[in-house]
Every structure is written in structure tokens, then in C-alpha cells.
Amino acid sequence: MLKERLGNRYKCVGEFDDLVFHPDFDPESFKNKDKRWIMSLDLAEGSGGDYTVMNLFEVRVKDTNIHKLYNDENADIKKSDFFQLYQVARFKSNTINLETFAKLVYVVSQNVIISDNIKIVCEYNTYGSEFIRLLQIVFGDKNNFDMSCVLKYFHNNDATVRKYGLKVKADNKSINCIACKGYVATDNIIVTDTDTVGEFEVFSKIGNTFKASREHDDLAMSTVNACTVFDHPQFNIIMEDVLGLNQDVFDKYIEMRDAEFATFDVLNRIWNKNIVDD
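The paragraphs below set out a description of the structure included in this document. Predicted model, so just to flag it, every value in this text is computed and none were measured.

Take the packing of helix α4 (residues 170-185) against helix α6 (residues 218-226) next. Close contact between α4 and α6 brings their axes to 9 Å; oriented N to C, the two are set at 85°. Taken together, the axes of α4 and α6 are roughly perpendicular relative to one another. Taken together, the residues of α6 that come into contact with α4 (itself represented by K173, N176, C177 and C180) are M221, T223 and V224. The class makeup of the residues in the contact of α4 with α6 is 4 nonpolar, 2 polar and 1 charged.

Rendered as C-alpha cells:
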């Protein structure tokens, strides 16, 4: 994908010129076997109304002083508190059809990025079923899409089996929007694209739901949906892949924090020995 400068970011040249990258992002990192990625998709029909969106995030370790995370011995610390989603690219179009968008998602997730290193949050509501079908057939006999990339969720409150895609409903939309606000405040998610930031500036609770007070909120909602990975079982695997933060080491860290003799210096030595230098 060729790129050209567009203000403070880069965009692709050609059919998918609505795909823009953070200006400091190095596309070669897509082939780094130690990197992990989250792709969030918001789907529309491509008739000039709502936008179809692909939001791409790198899973990173927070650049946060460890003392700040552990300054409250009663805090409910989770492994995911050490990680963040950093926005590196996004695609936005209200004219692209589902089949063409499926080709873009296929190429990015299966060919540009190492397919074992990416998980996809696909909004399921209206077009999710058809889009997931297209991912599996869009290149005909040459199609070899790895469906394990697509995260599965419970589609209703009584469900016992997870299915492909995230079904956004009135109840979980509000919960996820409130959670996203918290993740932004704690640097669990970093939004870098100016258009995405612009949507969030007018995105709030209006009546009984969250939405933009004007124009569209597709970039904002795809970001909200991306935040659901923090509570997804697959994120445990991603965290271990990124940093080797396994449960045994994490439990040891919490145990030492709670012990009377556990100073922050001791905690940091345990952290460095078991995590950073692993």
C-alpha cells in the first residue's frame, strides 16, 4: 500500500485512499511477530449514509509508572490495567460496499499483518452475518481467511455459547460507552486520529443512548467496541504474548504488594525479574 502525506498523517494511494495511518507508524511493524493488533469494524451498506469503519489498534504496554498503579493496596488491579490499545490506522467510507470492504479487511488482516497476531471485533447488528460470510468467500477458490481472527461474543443475556461478532444493543451499548470513557481516562486506549477525536468531542448520552450530537459517530463507536477486548477471554492470551504476563507471576506480584514488608522497591525488583527480563 503506497502512502502519501496528508497533514499530520499518512493515507493510502489508490482504491483505499480513505485508509489513513499515524504519521509515526512504521508499516514494517505489521510483520513483527511480537506485535499484537486489534481491528474494530463498524458496518454500513455504502449508500452514502452511515460510514463503514475499520479502526486498527496496536496492543501496547502502558508507559505508566508502576508506583501509580499500585499506590492503593485496596485497589482492584487487573492484568489488563498494564496494557493499552494505541490507534495506528483507520478507514472510513460511506460509499464502499460490503464485498469490497471484505477484501480490504481480508488483505490487511491476513496478508499485511501476521494473521495469528490480530483479533477482529466485528459489529454484528445489521450486516455482520453477511460480512462474515463474505470474508470466507470473497476471493473465491483462493480464499483462506482464518476465522479464529474474529472474536466471538454472547449475542444475548441468556446465551451460553459465543458467536462471531459483537451484537450492540441498548443495554450493552451504554455499558460499553461508559467503560470506554474510563479506559480513555486511564490511558487504556489512546486515540490519535483527528477525525475520531472530533467524533468523541460531540459524543455523549442523549436521552437513553449514547450518540453524536451532530453528523456521524461511526469512528467513535468502533473505538467503543474495541474496548470490549479488555474483558474478553482472548485478551489473556494477547497479554501473555505481548509481555509474558502470566497469572502466576501476576498473583505473586499482588501477594507481595499486600504483604507488610512489600515496599515498592521490592515490587519493582520482582516485576523486572519476572516480567521485563523474561
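Before going further, it helps to spend a moment on the packing of aromatic side chains. Applying the stated criterion to the full structure yields 11 aromatic pairs. On the numbers, 5.8 Å between centres and 25° between planes, the contact of F91 with F101 is stacked. In this pair, F91 is assigned in strand β6 (residues 83-93) and F101 in helix α2 (residues 98-112), connecting sequence segments 10 residues apart. Taken individually, F91 and F101 each receive the classification buried, so the pair is uniform in this respect. One aromatic cluster is present, formed by F21, F25, F30 and W37 through successive ring pairs. Sitting over the ring of Y51, K92 keeps its end group 4.6 Å from the ring centre.

Here is the idea: a disulfide is a covalent bond, and it sits between the sulfur atoms of two cysteines. In this structure the tally under the stated criterion is 0 disulfides. No disulfide involves C177; its sulfur sits 7.2 Å from the nearest other cysteine sulfur, which is in C180. A relative accessible area of 6% places C177 in the buried class.

Bringing the pattern of salt bridges into the picture now. Applying the stated criterion across every chain yields a total of 8 salt bridges. In this structure, the salt-bridge partner of D241 is R36, at a minimum N-O distance of 3.3 Å. Taken together, the positions of D241 in helix α7 (residues 233-243) and R36 in the loop between β3 (19-21) and β4 (37-42) put the pair 205 residues apart, joining distant regions of the chain. Residues E58 and R60 are paired through a salt bridge, measuring 3.2 Å at the closest nitrogen-oxygen approach.

The rules behind these values
- Residues numbered from 1 in each chain as written.
- Predicted model: local features only at pLDDT ≥ 70, side-chain atom pairs only at ≥ 80, totals over all residues.
- Heavy atoms only, no water.
- Axes fitted to C-alpha atoms, helices over the stretch in contact; angles between N-to-C directions.
- Helix = DSSP H or I, 4+ residues; strand = E, 2+ residues; numbered from the N terminus.
- Parallel < 35°, antiparallel > 145°, perpendicular 65-115°, else oblique.
- Contact = heavy atoms within 4.5 Å.
- Nonpolar A, V, L, I, M, F, W, Y, C, P; charged D, E, K, R; others polar.
- Phe/Tyr/Trp six-rings, centres within 6.5 Å; stacked < 30°, edge-to-face > 60°.
- Buried < 20%, exposed > 50% of the residue type's maximum accessible area, 1.4 Å probe, protein only.
- Lys NZ or Arg CZ within 6 Å of the ring centre and 35° of its normal.
- Disulfide = S-S within 2.5 Å.
- Salt bridge = Lys/Arg side-chain N within 4 Å of Asp/Glu carboxyl O.

Take it as geometry only, folks, not as evidence of what the structure does.
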